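Structural characterization, general
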Amino acid sequence: MSDERESIASQKISELEARVNSLERQLKRQKLARQSAEAFLETYSQDAYLANQALRKSLQASKQRERELLYLSRSASQLGANSTVASFIFSALESAVEFCQASCGKAIIIKNGNMVVGDDDKVLTSDNGWVEAPQLSTLIVDELPLTLTESYSHWCVNAVERQDVGREARVIHLMHQLSDNEYAWLALLTADDTLEEETLYILDTTKHYLNFGLRDKDKSHKLSHQEAAISSMEQDRKHLEERLVSADKMAMLGQLAAGIAHEINNPIGYVRSNTAVAKEIFSDYQSALDQIGDLCRDAGGHIAETFQKLEKDFSLEDSAKDIAEMFEESSEGIERIIDIVKALRSFSYPSSGKPADISATEAMQTAIKLTNNLHRYKNTVHFKAPEHDATFKGNAGQIQQVLVNFLTNAIYATAEGKSITLSIEVDEPIVRLIVEDEGEGMPPEVLNKVFTPFYTTKPPGDGTGLGMSISLTIVEEHDGTVDIYSTEGVGTRVVVSIPLSDAS
């Protein structure tokens, strides 16, 4: 009887131990799942914040582009709409006040040393039109060097203290010679002390419109110059319109990419976590099955025969290998999706970090080292270092990403045994980082699409099609350009041009 009780107690203890082991495994899986969920939640929160910031930035940029396009179109339409010099000057002032969202503006014409227009207390506002404002009129006039007799090349900016609102502002002014001893002044008073450089760049078109519109009054000896000015202005306007349309498209694509990344991040986080947990559970089952098999073989007889038959009928060993391979393939596929999502996020938010001085030589040498495994046994990479190094401002990590991407593409396109050459050219005020290969080159139809997002000539799985788009975005954010020259059967030359830093 005592032996029977001991046997029962021993059995209960074994059951309890098995239960404890099962609970411990469940607890471990739950901890892993919770850690994965917490990590996903943190990443998702960060992505949501970045997406919100990118959307705000895109909306602001889109509104600014719309204002710029309206200003250019309105200014161009005024060329033939005004019959007198004064009316043309006032139309230009009205457009400039509206575009800059200035507090007010004033037009002045000096003839033979006398003020013939603007000798009153009126200023032009965007909301109420012409209003009496002696204090603002005096503030503007006092800031203008009215004795000057040479036209401005660009708009000038003076800092002033506005007594009416108790804060600093800016007076933006332009002088244009109308004829001998006759000069016109356009002056704007900003609402505060903030002023974007791009605003001045767009305002500079006023100079071209004034040149053309006013000289059109004297057709006898200015006709040829007017025709050239029309052509130049039309080309500039078309170019700006194309840039505005392209900027809007890229902003929309950036928002779309950010949205796709976040939508994929949500389910892929669960898939990644569940796959890892399922893989661990299967490993436990496989371990348990192996132990059961050992017990059956140790028992021998009918039990061993039955287990062997089941193992053979259900192909347990082969199935286990297949399932393990499925888990590995699924994990690789998930990681591939995550890499694509990261690329999309880089395309949406390429800018980060404070600009610092970057050595062009070090940047090139680092790119060669990072791609060493790709070209070491395949191509000869030459680096033509300049006699004197050049530096430029930027984000070192992003520039490295650009150079590695261009060098990797060159390696991919260049056959074994052929060369790739890296060089640096300094042509103040810019430095050129050049990657040139003896590869297969690109036909015009491929070259025209090389910066199109998601376009790639590589086989499926070898590229996302975002590398060139991201590289172009990074270079443009460094105020640089990318030029690609390619000839089929000869090779490709990629030139990255970036402004030199002040220290260079």
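Residues numbered from 1 in each chain as written. Predicted model: local features only at pLDDT ≥ 70, side-chain atom pairs only at ≥ 80, totals over all residues. Heavy atoms only, no water.

Side note on the overall build of the protein chain
Looking only at helices and strands, the protein chain features 13 helices and 14 strands. For the protein chain, the residues scored as buried account for 35% of the 504 residues in total. Across the protein chain, the fraction of contacts at a sequence separation of at least 24, relative to all contacts at a separation of at least 6, is 67%. When the accessible surface of the protein chain is split by element, carbon and sulfur atoms take 51% of a total near 29700 Å². (Helix = DSSP H or I, 4+ residues; strand = E, 2+ residues; numbered from the N terminus. Buried < 20%, exposed > 50% of the residue type's maximum accessible area, 1.4 Å probe, protein only. Contact = heavy atoms within 4.5 Å. Areas by Shrake-Rupley, 256 points an atom, 1.4 Å probe, with all protein chains shown as cover.)

Examining the packing of aromatic side chains
Ring pairs (aromatic) are described by centroid distance and by the angle formed between their planes. Within the structure shown, the criterion is met by 1 aromatic pair. The interplanar angle of 90 degrees and the centroid separation of 5.5 Å between the aromatic rings of phenylalanine 90 and tryptophan 130 together place this pair among those described as edge-to-face. With a gap of 40 residues between them, phenylalanine 90 in helix H2 (residues 85–100) and tryptophan 130 in strand E4 (residues 129–132) connect regions that are remote in the sequence. For tryptophan 130, a relative accessible area of 40% translates into the label partly exposed. (Phe/Tyr/Trp six-rings, centres within 6.5 Å; stacked < 30°, edge-to-face > 60°.)

Concerning the side chain of threonine 190
As for its placement among the helices and strands, threonine 190 is situated in the loop between strand E7 (182–189) and helix H4 (197–203). Owing to a relative accessible area of 7%, threonine 190 belongs among the buried residues under this scheme. Of the polar contacts made by the side chain of threonine 190, one reaches the backbone nitrogen of arginine 170; its length is 2.9 Å. Residues contacting threonine 190, with those up to four places away along its chain left out, are Ala102, Ser103, Arg162, Ala169, Arg170, Ile172 and Leu195. (Polar contact = N/O pair within 3.5 Å; in protein donor to acceptor, adjacent residues only side chain to side chain.)

Considerations on helix H9 (residues 360–370)
Every buried residue belonging to H9 is among Ala360, Thr361, Ala363, Met364, Ala367 and Ile368, and all of these are buried. In a view along the axis of H9, the buried residues occupy a sector of 165 degrees, so they form one face of it. Exposed side of H9, more than 90 degrees from the buried face: Glu362, Lys369 and Leu370 are the residues found there. (Arc of directions from axis to C-beta.)

Remember that the coordinates give geometry; whether it matters functionally is a separate question.
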